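# Observations on the three-dimensional arrangement
The primary structure of each chain is shown beneath.
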Amino acid sequence: MEARLLDILVCPVCKGHLVYNKAAQELICYADKLAFPVRDDIPVMWTDQARTLTQEEIDAR
């Protein structure tokens, strides 16, 4: 994912900062505890497509 794109993308729920997890191909919003998938280098920013982070993922931050 391009750094320029990551700089302008925000969480669709809270408009907060997203963290890119390259290994999992996800954009993570720790504030809302959501991980948005990145498919074919395209972020899928729909909340119904996001998964909820586990407590272990939040603690490992």
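That block above? That's the structure.
Presented here is a report on the structure given in the accompanying data block. All values reported here derive from a predicted model rather than from experimental measurement. (Residues numbered from 1 in each chain as written. Predicted model: local features only at pLDDT ≥ 70, side-chain atom pairs only at ≥ 80, totals over all residues. Heavy atoms only, no water.)

### A word on the overall build of the protein
Note the cut-off: Elements are defined by DSSP. Helices are runs of H or I of four residues or more, strands are runs of E of two residues or more, and each kind is numbered from the N terminus. The size measure is the radius of gyration over C-alpha atoms, and the globule rule it meets is 2.2 Å times the number of residues to the 0.38 power. When a residue's accessible area, from a 1.4 Å probe over protein chains only, is under 20% of the maximum for its type it is buried; when over 50% it is exposed; and in between it is partly exposed. In this description, contact between two residues means that some pair of their heavy atoms is separated by no more than 4.5 Å. Residues counted as positive are Lys and Arg, residues counted as negative are Asp and Glu, and His and the chain ends are not counted. Taken as the charge location is NZ of Lys, CZ of Arg, CG of Asp or CD of Glu.
Scanning the protein from N- to C-terminus turns up 2 helices and 5 strands. Start at the N end of the protein and walk to the C end: the helices and strands fall as α-β-β-β-β-β-α. The C-alpha radius of gyration computed for the protein amounts to 11 Å, which stays within 12% of the reference 10 Å derived for 61 residues, consistent with globular compactness. Projected onto its principal axes, the C-alpha coordinates of the protein cover approximately 30 × 25 × 20 Å. Residues counted as buried form 28% of the 61 residues belonging to the protein. Sequence separation of at least 24 residues holds for 22% of the intrachain contacts in the protein that already meet a minimum separation of 6. Of the charged side chains in the protein, 7 are positive and 10 negative, and the gap between their average positions amounts to 3 Å.

### Observations regarding the side chain of glutamate 26
Among the secondary structure elements, glutamate 26 is positioned in strand E2 (residues 26–29). A relative accessible area of 10% means that glutamate 26 is categorised as buried. If we skip the residues at most four places from it in the chain, glutamate 26 touches Val19, Tyr20, Asn21, Ala35, Phe36, Pro37, Val38 and Arg51.

### Some remarks on the nonpolar core
The nonpolar side chains of a soluble globular protein tend to be buried with one another. Filter applied, for reference: Definition used in this section: a nonpolar core is a set of buried Ala, Val, Leu, Ile, Met, Phe, Trp, Tyr and Cys residues joined via side-chain atoms within 4.5 Å.
Core analysis: the biggest nonpolar cluster contains 9 residues, these being Leu9, Cys11, Leu18, Leu27, Cys29, Leu34, Phe36, Val38 and Ala50. In terms of residues, this core owes the most to one element, strand E3 (residues 34–39), which gives 3 residues. Every residue in contact with alanine 50, bar those within four places of it in the chain, is listed here: Leu34, Ala35, Phe36 and Pro37.

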